[in-house]
Amino acid sequence: CVCLQLAVEEARSVISNAEERIPKLEEEKKAAVAKKNFKDAAKFSAETKALETDKSQAETSIVDLEKDAAAARETESQMEEVVAGLESELAVKEAEARTLQGKHLSITIDMLNQAMEAAAAGENYDEAAELQNEIQIAEELKKTIESSLET
């Protein structure tokens, strides 16, 4: 995660700054002590301690962030496995649904054929023609479903 990377970079910056400033502050403290300027020496000592605390906290943060990143990667991996399993399950269910659609269309086509024959026997040719069109549409749909099951 970009957030974790930014936090690690920020912590490393704090560490780098502390490592750079602490030796300078120590020198300034020694110089102040040599001049018997204990007020400045105390200030430099306090700044050094604050930087050491910040550095220690930043180092702890990096360790914690790296643990969080590892946990996030593990969770991501687990979620990818779950998604793959669900996608596989979905593909199976979609195939089952297409199979049922094909069976339903076969029954519908049979019923439409019976209705068309009955309409033609009753000399209702307009209705028979409409049913014949519906049968053709249903048969095309059934072929499409059957071809999708073959792939």
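Refer to the preceding data block for the structure.
Residues numbered from 1 in each chain as written. Predicted model: local features only at pLDDT ≥ 70, side-chain atom pairs only at ≥ 80, totals over all residues. Heavy atoms only, no water.

**A word on the side chain of Thr-48**
1) Next: Checked against the element boundaries, Thr-48 lands in helix H2 (residues 38-121).
2) Next: Other than its neighbours up to four places away in sequence, Thr-48 contacts Ile-22, Leu-25 and Glu-26. (Helix = DSSP H or I, 4+ residues; strand = E, 2+ residues; numbered from the N terminus. Contact = heavy atoms within 4.5 Å.)

**Comments concerning the nonpolar core**
1) Next: Judged by nonpolar contacts, Leu-105, Ile-109, Leu-112, Met-116, Ala-119, Ala-128, Leu-131, Ile-135, Ala-138 and Ile-145 together constitute the single largest core of 10 residues.
2) Next: Among the elements of the structure, H2 and helix H3 (125-150) are those that each provide at least two residues to this core.
3) Next: Other than its neighbours up to four places away in sequence, Ala-138 contacts Leu-105 and Ile-109.
4) Next: Among the nonpolar cores identified, the runner-up in size contains eight residues, and Ile-15, Ala-58, Ile-62 and Ala-69 belong to it. (Core = buried A, V, L, I, M, F, W, Y, C linked by side-chain atoms within 4.5 Å. Buried < 20%, exposed > 50% of the residue type's maximum accessible area, 1.4 Å probe, protein only.)

**Quick notes on the pattern of salt bridges**
1) Next: Throughout the structure, instances matching the rule amount to seven salt bridges.
2) Next: We note a salt bridge from Arg-21 to Glu-47, for which the minimum N-O separation is 3.1 Å. With Arg-21 in helix H1 (residues 2-34) and Glu-47 in helix H2, this pair connects stretches of sequence that are 26 residues apart.
3) Next: For Arg-21, a relative accessible area of 28% gives the class partly exposed.
4) Next: Taking relative accessible area as the criterion, Glu-47 reaches 32% and is therefore assigned partly exposed. (Salt bridge = Lys/Arg side-chain N within 4 Å of Asp/Glu carboxyl O.)

**Re H2**
1) Next: In a regular helix each residue adds 1.5 Å, so 84 residues correspond to 124 Å; H2 covers 119 Å between its end C-alpha atoms and thus fits that length.
2) Next: Glu-123 sits one or two positions beyond H2 and adopts a positive phi of about 55°. (Expected span 1.5 Å × (residues − 1).)

**Some words on H1**
1) Next: Its 33 residues place the ends of H1 48 Å apart at the C-alpha level, agreeing with the 48 Å of an ideal helix rising 1.5 Å per residue.
2) Next: Taken residue by residue, H1 has Leu-4, Val-8, Ala-11, Ile-15, Ala-18, Ile-22, Leu-25 and Ala-32 as its buried positions.
3) Next: Along its buried surface, H1 packs onto H2.
4) Next: Just beyond H1, the residue with positive phi is Lys-36, at close to 60°.

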